[in-house]
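Summary of structural features
Next come the chains, spelled out residue by residue.
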Amino acid sequence: MKKSKQIRDLIYVSGEHEKNYFCSYGIEFHEFMNCVHHRPENLILLKHDFHNVQTNWHSRLHYVLQQGLDELIEENVYDYGDFCWVDFSKEEDLNALSKNQIAELLFFGHMGEPLHHIPKLRFAYFAHDDGWFNKLYVIDLYDYEVLLAKVIAFKLHKLAGRHVQEIPKDISSVLLEWTRDGLLIDMSKIQKSKAELRIPVTFIGHDIDMDSVYDFRKEIRDYKVWLVYSKKVWKLIKED
């Protein structure tokens, strides 16, 4: 199943930084893998319909190694329904999983949340209808900061047809902090001119009902914060 070419034009991220956890709408698996810093190499697939997997007989878990990732990224994982994985370092690590760790992985695959501590290298990823609802647990918050900044630039190129510079750290760190308040970036309302691109930004609090998140943008009439790209420079502008 090849992934669809349609791109989601809304990004919503609610972050619980103390738990190293993010809930999001609008970031698809292929965008994650193309934008994350140092792409994960090996994945334990806990919920999936991918055919080209290997099985670890110690844990009875499916996994895919680096050489199979490109094929997985090209899949339309939206059609899987639930799609869940964690990354790991090397095949030998799978044979070292304890019964408790296997149980923890199975619980995460079933519930999309940790029982106690999810065995992972950097990421534990649970999605329902790829790009519609995603839970992501990270080891390092900076990984998510880089991911979010790169996804914005990636989508902007696709939607506005313009190449842009990477979002600098002084702005990406602010965007990460704003996820605490339920950051919503509406890329369907990009204002374009020859001189600049203006992307509206607002905050809607924490919500796991992505239908209401998606519908909420219809109610927004006035944006007070803009992410602006002008003369190859990014800036955040707050209006009164």
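The structure reproduced in this document is the subject of the present report.

One face of the sheet, then the other: side chains in a regular strand alternate in exactly this way. With burial as the criterion, each face of strand β9 (residues 183–186) is covered, one bearing Leu183 and Ile185 and the other bearing Leu184 and Asp186. Relative to β9, strand β1 (residues 10–16) is paired through four bridges, and the arrangement is antiparallel. Bridging from a neighbouring strand, valine 13 pairs with leucine 183 of β9. Direction of pairing for β9 relative to strand β11 (residues 196–203): antiparallel, over a ladder of three bridges.

The next thing to look at is the packing of aromatic side chains. Following the criterion strictly, the structure yields 18 aromatic pairs and no others. Between phenylalanine 22 and tyrosine 144, the ring centres sit 3.8 Å apart and the planes meet at 5 degrees, which makes this aromatic pair stacked. Taken together, the residues span a long stretch of sequence, with phenylalanine 22 in strand β2 (residues 21–25) and tyrosine 144 in helix α5 (residues 141–160) at a distance of 122 residues. No difference in accessibility class separates phenylalanine 22 from tyrosine 144, as the two residues are buried. With 6.1 Å between their ring centres and 65 degrees between their planes, tyrosine 223 and tryptophan 226 make a pair best called edge-to-face. The class of tyrosine 223 is buried, set by a relative accessible area of 7%.

To continue, consider the packing of α5 against helix α6 (residues 169–178). Running from N to C, α5 and α6 cross one another at 105 degrees; their axes reach a closest spacing of 9 Å. Here α5 is positioned roughly perpendicular relative to α6, judged by the angle of their axes. The segment α5 lies against α6, with Leu141, Tyr142, Tyr144, Glu145, Leu148, Ala149 and Ile152 engaging Lys169, Ser172, Ser173, Leu175 and Leu176. Residue composition of the contact of α5 with α6, grouped by class: eight nonpolar, two polar and two charged.

This paragraph deals with the environment of lysine 135. Summarising the element assignment, lysine 135 is placed in strand β8 (residues 133–138). The spatial distance from the C-alpha of lysine 135 to the C-alpha of aspartate 9 is 19 Å, given a sequence separation of 126 residues. Not counting residues within four places of it along the chain, the set of residues in contact with lysine 135 comprises Tyr21, Phe22, Met111, Gly112, Glu113, Ala124, Tyr125 and Phe126.

Formed by 51 residues in total, the largest nonpolar core has its most connected members in Phe29, Leu72, Tyr144 and Ile152. Among the nonpolar cores identified, the runner-up in size contains 26 residues, and Cys23, Phe88, Leu94 and Ile102 belong to it.

The subject of this paragraph is unusual backbone geometry. The backbone of aspartate 129 sits at a positive phi, close to 55 degrees, despite the residue not being glycine. Inspection of the secondary structure puts aspartate 129 in the loop between β7 (123–128) and β8. The partly exposed category is assigned to aspartate 129, whose relative accessible area is 21%. For lysine 232, which is not glycine, the phi dihedral falls at a positive 65 degrees. Summarising the element assignment, lysine 232 is placed in the loop between β12 (225–230) and β13 (233–238). Lysine 232 gets classed as exposed once you look at its relative accessible area, which sits at 62%.

For the rest of this paragraph, the subject is the pattern of salt bridges. A complete count under the given rule lists 14 salt bridges for this structure. For glutamate 16, the salt bridge goes to lysine 19, with nearest N and O atoms at 3.4 Å. We classify lysine 19 as exposed; its relative accessible area is 59%. For glutamate 18, the salt bridge goes to arginine 180, with nearest N and O atoms at 2.8 Å. Within this pair, whereas glutamate 18 is found in the loop between β1 and β2, its partner arginine 180 is found in the loop between α6 and β9, the two being separated by 162 residues in sequence.

Let us now look at α6. Turning to α6, its buried residues are Ile171, Ser172, Leu175, Leu176 and Trp178. Viewed along the axis of α6, the buried residues span an arc of 160 degrees, placing them on a single side of the element. Against β2, α5, β9, β11, β12 and β13 lie the buried residues of α6.

Conventions and cut-offs
Residues numbered from 1 in each chain as written. Predicted model: local features only at pLDDT ≥ 70, side-chain atom pairs only at ≥ 80, totals over all residues. Heavy atoms only, no water. Buried < 20%, exposed > 50% of the residue type's maximum accessible area, 1.4 Å probe, protein only. Helix = DSSP H or I, 4+ residues; strand = E, 2+ residues; numbered from the N terminus. Pairing = 2+ DSSP bridges. Phe/Tyr/Trp six-rings, centres within 6.5 Å; stacked < 30°, edge-to-face > 60°. Axes fitted to C-alpha atoms, helices over the stretch in contact; angles between N-to-C directions. Parallel < 35°, antiparallel > 145°, perpendicular 65-115°, else oblique. Contact = heavy atoms within 4.5 Å. Nonpolar A, V, L, I, M, F, W, Y, C, P; charged D, E, K, R; others polar. Core = buried A, V, L, I, M, F, W, Y, C linked by side-chain atoms within 4.5 Å. Salt bridge = Lys/Arg side-chain N within 4 Å of Asp/Glu carboxyl O. Arc of directions from axis to C-beta.

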